[in-house]
Amino acid sequence: MGSSVTFPVSLRALDQPLTGKTSVGARAFCGFQGCFCRERPMHQPQVAVVGAGVVGLSTALCLSQLGPPCAVTVVADKVTPHTTSDVAAGMLIPHTYPDIPISKQKQWFRETFDHLFAIANSAEAEDAGVHLVSGLRASGVPIVSRRLGDLWELHPAFDVVVNCSGLGSRQLAGDAEVLPVRGQVLRVRAPWVKHFIREGAGLTYVYPGASDVVLGGTRQEGAWDLRPDAQTSRDIFSRCCALEPSLRGAAGLREHVGLRPGGRGVRLQAERVRGAAGTLRVVHHYGHGGGGVAVHWGAALEAARLARSCAPAAPAPPAAPAPRL
């Protein structure tokens with residue numbers, strides 16, 4: 001779905017010189033803590049969400065909406081339109097995760113469906129479009145464009161770190177199980193195509209969107225190449241034209257490649273990581289493969305609840321001075 005919402009970002013403190021002795025992580029994030037300490041209520045827990053794809057932004061939004069209040073910041077090296085979520089066709093089709101109970105998967109999908117159905121029946125439906133795209137609904141969550149080398153770079157500025165970095169968890173969480181599943185799709189202009197067509201196991205599909213039609217696709221496990229392959233594009237186009245011959249008259253063909261975080265299944269769990277600098281509270285939320293769109297809201301609600309349960313109790317705000325008699 002489309003969105004025209006902007007994200008307020010304040011980075012002026014990032015340019016301040018460092019003073020005193022700091023760790024490598026603190027130097028890499030120079031001035032970051034000071035920026036948010038001055039601008040955000042310090043009686044609220046500080047929570048960082050790493051990753052700005054559909055899973056990360058949904059988790060940030062859920063955190064900002066659930067009580068009690070906390071201060072949420074999204075940290076990502078790539079934002080829309082450069083995330084894997086932007087490459088996805090965005091169809092709400094259930095996926096199966098072997099390590100997650102079926103009842104939990106049904107709950108995630110139902111909550112996601114209800115959320116998107118409400119949007120489809122709202123005044124924002126036209127702006128939202130058919131496909132889901134990373135966005136914000138007036139919660140004021142800032143996004144900081146930053147490439148992390150280690151989650152410890154967020155310590156001690158944040159009380160909890162929610163790791164929604166997808167494939168980036170190979171480095172940030174040391175998880176060698178998460179592997180790329182390469183997906184290549186085509187987008188064309190074919191406004192006469194009004195209904196989706198999905199063949200067999202879903203490897204070949206035609207999904208009409210708000211402004212174009214997505215033709216797919218591929219599932220290449222372990223492939224890291226982000227460059228479109230010309231022969232693969234010809235194969236995709238041929239397969240889709242066999243399903244819908246009128247696509248041969250489509251215009252404006254564009255190629256896109258994304259790497260889905262696959263290999264291990266969903267990891268949604270809390271972890272306390274101890275190091276020389278102290279303890280880092282982390283909630284891992286990644287590994288949705290090609291099904292992130294189908295469960296993003298329900299899974300994000302659960303990740304947000306888990307993150308809140310990990311956050312330290314917020315100190316009471318200072319009491320107002322007693323009136324003078």
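Presented here is an overview of the structure given in this document.

Basis of the calculations
- Residues numbered from 1 in each chain as written.
- Predicted model: local features only at pLDDT ≥ 70, side-chain atom pairs only at ≥ 80, totals over all residues.
- Heavy atoms only, no water.
- Pairing = 2+ DSSP bridges.
- Helix = DSSP H or I, 4+ residues; strand = E, 2+ residues; numbered from the N terminus.
- Axes fitted to C-alpha atoms, helices over the stretch in contact; angles between N-to-C directions.
- Contact = heavy atoms within 4.5 Å.
- Buried < 20%, exposed > 50% of the residue type's maximum accessible area, 1.4 Å probe, protein only.
- Polar contact = N/O pair within 3.5 Å; in protein donor to acceptor, adjacent residues only side chain to side chain.
- Core = buried A, V, L, I, M, F, W, Y, C linked by side-chain atoms within 4.5 Å.
- Salt bridge = Lys/Arg side-chain N within 4 Å of Asp/Glu carboxyl O.
- Parallel < 35°, antiparallel > 145°, perpendicular 65-115°, else oblique.
- Left-handed = near helix turned anticlockwise from the far one by under 90°.
- Nonpolar A, V, L, I, M, F, W, Y, C, P; charged D, E, K, R; others polar.
- Phe/Tyr/Trp six-rings, centres within 6.5 Å; stacked < 30°, edge-to-face > 60°.

**Overview of the sheet that holds strand E2 (residues 71–76)**
Then, in step 1: What the six strands build is an open sheet, ordered E3-E2-E1-E4-E12-E11; its pairing is mixed. Because the sheet does not close on itself, it has two edges, and the strands there are strand E3 (143–145) and strand E11 (267–275). Going from strand to strand, the sheet's axes swing by 25 degrees on average, the running direction of each strand aside.
Then, in step 2: Judged from the four bridges that link them, strand E4 (residues 160–163) and strand E12 (residues 278–286) form a sheet pairing that is parallel. When the bridges of E12 are listed, Asn163 appears paired with His284.
Then, in step 3: Packing against the sheet, helix H3 (residues 54–65) makes contact with strand E1 (46–50), E2, E3, E4 and E12, and its axis sits at approximately 170 degrees to E2.

**Comments concerning the side chain of His285**
Then, in step 1: By secondary structure assignment, the location of His285 is in strand E12.
Then, in step 2: The class for His285 is buried, based on a relative accessible area of 1%.
Then, in step 3: Here the side chain of His285 touches Thr59 through a polar contact of 3.0 Å, side chain to side chain.
Then, in step 4: Polar contacts involving the side chain of His285 include one to the side chain of His288, which spans 3.3 Å.

**A closer look at the nonpolar core**
Grouped burial of nonpolar side chains is what soluble globular proteins tend to show.
Then, in step 1: One finds Val49, Leu63, Val74, Val160 and Val162 to be the most contacted residues of the largest nonpolar core, which totals 36 residues.
Then, in step 2: Taken together, the elements giving at least two residues each to this core come down to E1, H3, E2, E4 and helix H9 (292–310).
Then, in step 3: For this core, the element with the highest residue contribution is H9, accounting for ten residues.
Then, in step 4: Here Val74 is in contact with Val49, Gly51, Ala52, Leu57, Ala60, Val141, Pro142, Ile143 and Val144, once residues within four sequence places are set aside.
Then, in step 5: Membership of the second largest hydrophobic core comes to twelve residues, among which are Ala48, Ala157, Phe158 and Val161.

**Structural notes on the pattern of salt bridges**
Then, in step 1: Tallied over the entire structure, the rule returns eight salt bridges.
Then, in step 2: A salt bridge links Lys104 to Glu302, with the nearest nitrogen and oxygen atoms 3.1 Å apart. Of the two residues, Lys104 is situated in helix H5 (residues 102–120) and Glu302 in helix H9; the sequence distance between them amounts to 198 residues.
Then, in step 3: Three or more residues joined by partner-sharing salt bridges are found here, namely Arg187, Asp212 and Arg254.

**Considerations on the packing of H3 against H9**
Then, in step 1: Interhelical geometry of H3 versus H9 gives an angle of 45 degrees and a closest axis separation of 8 Å. Taken together, the axis directions place H3 and H9 in an arrangement best described as oblique. When you trace H3 past H9, the crossing you get is right-handed. In this structure, H3 uses Val54, Ser58, Thr59, Leu61, Cys62, Leu63 and Gln65 to contact H9, whose residues at the interface are Gly292, Val293, His296, Trp297, Ala300, Leu301, Ala303, Ala304, Ala307 and Arg308.
Then, in step 2: Along the lines of polarity and charge, the residues of the contact of H3 with H9 split into eleven nonpolar, five polar and one charged.

**Thoughts on the packing of aromatic side chains**
Then, in step 1: Under the definition given, this model contains three aromatic pairs.
Then, in step 2: Ring centres of Phe113 and Phe117 lie 5.7 Å apart, and the angle between their planes is 15 degrees; this geometry places the pair in the stacked category. One end of the pair, Phe113, and the other, Phe117, are both in helix H5, four residues apart, so they sit about a helical turn from each other.
Then, in step 3: Classification of Phe117 by relative accessible area gives partly exposed; the value is 48%.
Then, in step 4: When the centroid spacing of 6.0 Å and the interplanar angle of 65 degrees are considered together, the rings of Phe196 and Tyr207 count as edge-to-face.

**What about the packing of H5 against H9?**
Then, in step 1: At a minimum axis separation of 6 Å, H5 and H9 run at an interaxial angle of 105 degrees. Taken together, the axes of H5 and H9 lie roughly perpendicular to each other. Of the residues in H9, those touching H5 at Lys104, Gln107, Trp108, Phe109, Glu111, Thr112, His115 and Leu116 are Val293, Ala294, Val295, His296, Trp297, Gly298, Ala299, Leu301, Glu302 and Arg305.
Then, in step 2: Class assignment for the residues of the contact of H5 with H9 results in nine nonpolar, five polar and four charged.

**As for unusual backbone geometry**
Excluding glycine, a negative phi dihedral is what most residues carry, and trans is how most peptide bonds are arranged.
Then, in step 1: Pro81 follows Thr80 through a cis peptide bond whose omega is 10 degrees.
Then, in step 2: Following the sequence through the fold, Pro81 ends up in the loop between E2 and helix H4 (84–87).
Then, in step 3: Geometrically, the link from Gly216 to Gly217 is a cis peptide bond, its omega value of -5 degrees lying close to zero.
Then, in step 4: With respect to the element layout, Gly217 can be found in the loop between strand E8 (213–216) and strand E9 (220–221).

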